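Chain by chain, the residues:
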Amino acid sequence: MADAHTALITNDAVVFGLLAVILGFIFKTSNSQNSALKKFYKYVPALLLCYFLPSLLNTFGIVDGHSSNVYFVASRYLLPACLILLTISIDLKAIINLGPKALIMFLTGTVGIVIGGPLAILVMSAVYPEAVGGHGPDAVWRGMTTIAGSWIGGGANQASMKEMFEVGGDIFSAMVTVDVIVANLWMAVLLLMAANHKAIDAKTGADTSAIEELKNRVEKYQAEHARMPTMNDYMMIIAIAFGITGLAHFCADFLGPYFGANFPWAQEYSLNSKFFWLIVISTTIGITLSFTKVRHIEAFGASKVASCFLYILVASIGLHMNITAIVESPMYFVIGLIWMLTHASLMLIVAKIIKAPLFYMAVGSQANVGGAASAPVVASAFHPSLAPVGVLLAVLGYGVGTYMAYICGLMMQAVAP
């Protein structure tokens, strides 16, 4: 794995340029009329490539994804701007009409992670007990609590588990690698499934009428109000997106530390995290503006600009993946895979029982495992208008994350050898 000193490219402007060229190449080829390319993209979604090709830069030591600030810029500046533009055109009534199945699938995903951790320890204890041993701060179960925090809420919940269970540095860094790679592999599976969602839903007999109605309403609105965008229109989109992002940062810089300093319980809900407030404020203002005339910015392509930001974010997430890291500590990856399989199996079983569309399964899962940074990515793989559903569920994940991860941690402690 590359580090900051051995990576070939250390200048973030060059890294950003590379990502832009990769994205341009993927979009150019995915929209080509060439029969071989058409065949290739029929099986390999463009979104998956936007995510996988940048990971090769990290894997082969060309770029060190962890020392690069490209992801930080994408997640702190472009992600909130993207969420604002996507939620401004949201049809809140239609999202409420999606019904309780999305929520059921999200909570199923949470339960799958809570029981998956202890189950992975039990399975490994029977097969290879050394893999789940360790003492004191570097006990494997302690390290696993940080994965539980990450997979139910996100980075802030992961950090709070590290503090709560006094996780040692060595096991923590090993588990971060497991967390990133297993979560990214699962996201790749979800993106592949999303590309074939119509066939999968037809097979399972899922009722997708509410989702289709939401998509049709958005498309109808776009068709009725669409016009050729002018320079003025684009400037308005930029002003609204980054103006509100700036306001959200301003409030988050105050609210995070304020809650952290004055309310001891704030950490349990991630209320001391600036990123949490950034996402919540951006989304809330976006949804509020969807009831005003501002929503007409969708007519000149607000969601297309938002999607561009989203793809840059996807490419920067890909920079964090180093496929060869699996070789360094294979046993921990086996634990991670058993854990993720438990989560996935439970999701699929419940989805089959309640006849939930694949969209609810995929977004419910990613709202847990990936949080606010990647749940909208998976949701928009179905349709850009569905991205806000991913955000709303991911914000819910922040709320329940610390509690559920704590319960999971206590269960893992109980079964650890």
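Above: the structure in question.
Values in this document were obtained by computation on a predicted structure and should not be read as measured data.

Student: Which residues make up the overall build of the chain, and what values go with them?
Tutor: For the chain, the count of helices and strands is 19 helices and zero strands. The C-alpha atoms of the chain give 21 Å as radius of gyration, which agrees with the globular expectation for 417 residues (22 Å, within 12%). Taken over the C-alpha atoms alone, the chain extends approximately 65 × 55 × 50 Å along its principal axes. Taken across its 417 residues, the chain has 53% of its residues classed as buried. Pairs at least 24 apart in sequence give 83% of the contacts found in the chain among residues at least 6 apart. Total accessible area on the chain stands at roughly 18000 Å², and carbon and sulfur atoms take up 68% of it.

Student: Before we move on, can you summarise the pattern of salt bridges with the specific residues and values?
Tutor: In total, this model carries three salt bridges according to the counting rule given. One salt bridge connects Lys215 with Glu212, and the closest N-O pair in it is separated by 3.3 Å. A residue pair is termed a helical-turn pair when its members lie 3 or 4 positions apart in one helix, as Lys215 and Glu212 do in helix 11 (residues 209-225) at three residues.

Student: Report on the packing of aromatic side chains, specifying residues and quantitative values.
Tutor: Within the structure shown, the criterion is met by 15 aromatic pairs. With centroids separated by 5.5 Å and ring planes inclined at 35°, the aromatic side chains of Phe165 and Tyr406 adopt a geometry described as tilted. Note that Phe165 is positioned in the loop between helix 8 (155-164) and helix 9 (169-195) and Tyr406 in helix 19 (residues 387-415), a separation of 241 residues in sequence. Overall, the relative accessible area of 6% leaves Phe165 in the buried class. The class of Tyr406 is partly exposed, set by a relative accessible area of 37%. An aromatic cluster is present here, built from Phe254, Tyr258, Phe259, Phe263, Trp265, Phe276 and Trp277 joined pairwise through their rings.

Student: Mind laying out the layout of surface pockets, listing which residues take part and the relevant values?
Tutor: Taken as a whole, the second largest pocket encloses approximately 450 Å³ of empty space. Residue lining of the second largest pocket: 16 residues in total, with Phe27, Ala46, Leu47, Tyr311 and Ala381 positioned closest to the centre. For the lining of the second largest pocket, the secondary structure elements donating two or more residues are helix 1 (12-30), helix 3 (46-59), helix 9, helix 14 (302-318) and helix 18 (375-382). Class assignment for the residues of the lining of the second largest pocket results in twelve nonpolar, four polar and no charged.

Student: Lay out the packing of helix 9 against helix 18 with the relevant residues and their values.
Tutor: Between helix 9 and helix 18, the least distance of the axes is 9 Å, while the angle of their chain directions is 15°. The angle between helix 9 and helix 18 places the two elements in the roughly parallel class. Like other packed secondary-structure pairs, helix 9 and helix 18 cross with a definite hand, here right-handed. From helix 9, Met187, Leu191 and Ala194 reach across to helix 18, where they touch Val377, Val378, Ala381 and Phe382.

Student: Which residues make up the environment of Ala299, and what values go with them?
Tutor: Here Ala299 shows up in the loop between helix 13 (274-289) and helix 14. Overall, the relative accessible area of 11% leaves Ala299 in the buried class. A sequence separation of 73 residues divides Ala299 from Ala226, and the C-alpha atoms of the two residues are 4.4 Å apart.

Scoring rules and cut-offs
- Residues numbered from 1 in each chain as written.
- Predicted model: local features only at pLDDT ≥ 70, side-chain atom pairs only at ≥ 80, totals over all residues.
- Heavy atoms only, no water.
- Helix = DSSP H or I, 4+ residues; strand = E, 2+ residues; numbered from the N terminus.
- Rg over C-alpha atoms; globule rule 2.2 N^0.38 Å.
- Buried < 20%, exposed > 50% of the residue type's maximum accessible area, 1.4 Å probe, protein only.
- Contact = heavy atoms within 4.5 Å.
- Areas by Shrake-Rupley, 256 points an atom, 1.4 Å probe, with all protein chains shown as cover.
- Salt bridge = Lys/Arg side-chain N within 4 Å of Asp/Glu carboxyl O.
- Phe/Tyr/Trp six-rings, centres within 6.5 Å; stacked < 30°, edge-to-face > 60°.
- 1 Å grid on protein atoms, 1.4 Å probe; cavity = no way out; pocket = protein on both sides within 12 Å on 5 of 7 lines; lining within 4 Å.
- Points joined across faces, edges and corners; volume = space filled by probe spheres on them.
- Nonpolar A, V, L, I, M, F, W, Y, C, P; charged D, E, K, R; others polar.
- Axes fitted to C-alpha atoms, helices over the stretch in contact; angles between N-to-C directions.
- Parallel < 35°, antiparallel > 145°, perpendicular 65-115°, else oblique.
- Left-handed = near helix turned anticlockwise from the far one by under 90°.

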